Amino acid sequence: MILEVRNVTRRYRLPRQALLSAPPVLVAVDNASLTLERGETLGIVGESGSGKSTLARMVMAFERPDEGNIRFDGHDLNALSTGDLRRLRPKFQMIFQDPYGSLDPRRTVGWSIAEPLRVMASTDITRRVDEALAQVGLRQQDAAKYPHEFSGGQRQRIAIARAIVTRPALLVADEAVSALDVSVQAQILNLLMDLQDELGLAMLFISHDLAVVASICDQLMVMQHGRTLESGPAQQVLAAPSHPYTKSLLTAAGA
Amino acid sequence: MKLPVNLLIGAVLVALVLGAAALSLLWTPHDFTQLNVRNKFAAPDATYWLGTDQLGRDLVSQLTAGARNSMAVALAAVLLGGSIGTALGLLAAAIGGWVEDLVMRIADIGFAFPALLFAIMLAAVFGPSLTNAVLAIAFINIPVFARVARAAANQVWTREYVAAARAAGLNRFAISKDHILPNIAAPVIVQATIEFAVAILAEAALSYLGLGAQPPSPTWGRMLSEAQTLMYQAPQLAVYPGLCIVAAVMGFGLLGDGLRDVTDPRLVRER
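Worth saying up front: this structure is predicted, and the values here are computed from it rather than measured.

A. Region of the structure containing the interface of chain A and chain B. Each side of the interface is counted separately: chain A has 22 residues, and chain B has 17 residues. Between chain A and chain B we count zero salt bridges in total. Applying the counting criterion to the chain A and chain B interface returns 13 residue pairs in polar contact (both at pLDDT 80 or more). Element by element, the count of residues in the side of chain A that touches chain B is highest for helix α3 (residues 109-119) of chain A, at four residues. Its residues assigned to classes, the side of chain A that touches chain B shows nine nonpolar, four polar and nine charged.

Structure representation (structure tokens):
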């Protein structure tokens, strides 16, 4: 088991409404649990505000859960020291929604892809950057270019190259294809599935689009307002949804 | 893209002032300390382009040498105050929480503290000098840059490439250096240009009060203060340094405004 999320809750304190009343609390993620095996893909579906991105941020250890724990490859992420967490980070990487915002506009593509390698003090940075570029279908020369010289789909390939250059065991994809054209979406999804086979990646694939998730996931989890409505093998959830919300998502996706 | 008018006018004025200052390092028409009492209050002619002052010193030479001093003071003060302020702003944004609150509240206090008062204090303790004028002007620049840098940095911190850098294992300081600083450079440079204008004015004010450059080092502010008693006898002695101050302050102010319009289209004001 590469990832185990157990009974995780995350609350946010909202701005105070009145001077003397306690500030209202938003429960972004309410008692969520999931497990992910090596090489498997788990899809998390839900509308915006469902807590799926907060869950992803907790899996990436960008923020801490208020309750529950998250184990990656046997390590409790929130019990690790800062240094140990940093050394573990190359093993779980993330790709983001906005291919225009996930690359620093002031840095060359090669520089950005090499970033995690520099932190790891890797010795063969150039070779590994070239390899990662090749794996996502880009050319060696592209490393010297800046992000604005690429299309949205190409940028997402660059972001994927940066995420896999450390040879991670887990890839978290938060709305990774939502900002792309439908035809480009298919290309990126195919690329992700190819890489998964090639590298044995486990993937946590987050989307509001059930059709996209259904096409690549083994397991499925449906969230709404922070709560987990249902979860299980993708085939089973899709064929016999037990919750009315899942049914409405299925109808919306045209299945 | 069409360049804004303020940028062009500002650039021309700044080029003139900087050109005069640079030229004075190599050459001035006359030695600006050369006294020639027999030739005092000379009218402009081929030798003395703008005439001479009450001690017979060439006005053009003094004005260009004054430009050099004003630029040097403004540059040193803005560089010093700008780097400290930017570093504090970056730190506040990187750490957040009570550290950010503390830094920004101290900046508020610094804002409320009049530069002139601080300069008088420095002069009282260490004696009036150009160095103390630089320190005083640098000091008032720190909170300005701290605010600008923090506001811009907080915006950059929300970007996904910063999250990617965190996922790569970079700590906050490495992220500040590698990603935040390069991406807030534009607003900070714009602010520096505007603060340059403020610094020139501040230097002139301090020198006018005798808290800046000491004789015989010529600065525009000191020329003004010396000309003050001669206002009815020789008003041109006050007019020329005054015009120089106006040109330099307007030049850097307009250049800064124009740069902001070019680098940040969202801030272009309605005209």
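Still more ground to cover, so stick around.
B. Quick look at the packing of aromatic side chains. Under the definition given, this model contains five aromatic pairs over all chains. Each ring, one from Phe113(B) and one from Phe139(B), has its centre 6.4 Å from the other, and the planes form 85 degrees; the classification is edge-to-face. Here Phe113(B) is found in the loop between α3 (97-112) and α4 (115-126), whereas its partner Phe139(B) is found in helix α5 (residues 130-157), with 26 residues between them in sequence. Feature note: the residues Phe113(B), Phe118(B) and Phe139(B) constitute an aromatic cluster, connected by ring pairs. The lysine or arginine in question, Arg107(A), covers the ring of Trp111(A), its NZ or CZ lying 4.2 Å from the ring centre. The ring centre of Trp111(A) lies 4.2 Å from the NZ or CZ of Arg118(A), which sits over that ring.

C. Molecular detail of the sheet that holds strand β7 (residues 170-174) of chain A. Residue and element names in this part refer to chain A. With mixed pairing, six strands are arranged side by side in an open sheet as β6-β7-β8-β3-β9-β10. The open sheet is flanked by β6 (92-95) and β10 (227-233), the only strands paired with a single partner. Between one strand and the next, the sheet's axes are offset by a mean angle of 15 degrees, whatever the strand orientation. Pairing between β6 and β7: four bridges, direction parallel. Following the sheet pairing, Met 94 is matched in β7 by Val 172. Each of β6 and β7 touches helix α5 (residues 152-164); the most contacted strand, β6, lies at about 175 degrees to it. Against the sheet, helix α9 (residues 244-252) engages β3 (41-45), β9 (219-224) and β10, with an angle of about 105 degrees to β9.

D. View of α4(B). Residue and element names in this part refer to chain B. Taking 1.5 Å per residue as the helical rise, α4 with its 12 residues ought to reach 16 Å, and the 16 Å between its terminal C-alpha atoms agrees with that figure. Considering only its buried residues, α4 is in contact with α5 and α7 (172-208). Where α4 terminates, the next one or two residues include Gly 127, which has phi positive at roughly 85 degrees.

E. Looking closely at the environment of Gly81(B). Residue and element names in this part refer to chain B. Within the secondary structure, Gly 81 is located in helix α2 (residues 59-95). Here Gly 81 falls in the buried class, since its relative accessible area comes to 0%. Placed 165 residues apart in sequence, Gly 81 and Val 246 show a C-alpha to C-alpha distance of 23 Å. The contact partners of Gly 81, leaving out residues within four places of it in the chain, are Ala 138, Asn 141, Ile 142 and Phe 145.

F. Expanded view of helix α1 (residues 52-59) of chain A. Residues and elements named next belong to chain A. Burial analysis of α1 places six of its eight residues in the buried class, which makes it a mostly covered element. Lys 52, Thr 54, Leu 55, Ala 56, Met 58 and Val 59 are the residues of α1 that are buried. Just beyond α1, the residue with positive phi is Ala 61, at close to 60 degrees.

G. Geometry of unusual backbone geometry. All names here are of chain A. With a phi close to 60 degrees, Ala 61 is a non-glycine residue in the positive phi region. Here Ala 61 lies in the loop between α1 and β4 (67-72). In this model, Asp 73 sits at a positive phi of 50 degrees, which is unusual for a non-glycine residue. Tracing the sequence through the fold places Asp 73 in the loop between β4 and β5 (75-76). Exposure remark for Asp 73: the relative accessible area of 33% places this residue in the partly exposed category.

H. Molecular detail of the pattern of salt bridges. Applying the stated rule across the entire model yields 19 salt bridges over all chains. Between Glu131(A) and Arg167(A) there is a salt bridge; the shortest N-O distance is 3.3 Å. Here Glu131(A), found in helix α4 (residues 125-135), pairs with Arg167(A), found in the loop between α5 and β7; they are 36 residues apart in sequence, far enough to count as distant. A relative accessible area of 32% means that Glu131(A) is categorised as partly exposed. The class for Arg167(A) is partly exposed, based on a relative accessible area of 41%. Taking the shortest distance from any N to any O, the salt bridge between Asp108(B) and Arg105(B) comes out at 3.0 Å. You can see Asp108(B) and its partner Arg105(B) sitting in helix α3, three residues apart, about one turn around the helix. Its relative accessible area of 27% is what places Asp108(B) among the partly exposed residues. Owing to a relative accessible area of 47%, Arg105(B) belongs among the partly exposed residues under this scheme. What emerges from the salt-bridge pattern is a single network uniting Arg10(A), Arg57(A), Glu63(A) and Asp66(A).

Quick notes on the rules
Residues numbered from 1 in each chain as written. Chains lettered and ligands numbered in written order. Predicted model: local features only at pLDDT ≥ 70, side-chain atom pairs only at ≥ 80, totals over all residues. Heavy atoms only, no water. Contact = heavy atoms within 4.5 Å. Salt bridge = Lys/Arg side-chain N within 4 Å of Asp/Glu carboxyl O. Polar contact = N/O pair within 3.5 Å; in protein donor to acceptor, adjacent residues only side chain to side chain. Helix = DSSP H or I, 4+ residues; strand = E, 2+ residues; numbered from the N terminus. Nonpolar A, V, L, I, M, F, W, Y, C, P; charged D, E, K, R; others polar. Phe/Tyr/Trp six-rings, centres within 6.5 Å; stacked < 30°, edge-to-face > 60°. Lys NZ or Arg CZ within 6 Å of the ring centre and 35° of its normal. Pairing = 2+ DSSP bridges. Axes fitted to C-alpha atoms, helices over the stretch in contact; angles between N-to-C directions. Expected span 1.5 Å × (residues − 1). Buried < 20%, exposed > 50% of the residue type's maximum accessible area, 1.4 Å probe, protein only.

Geometry only, nothing functional implied.
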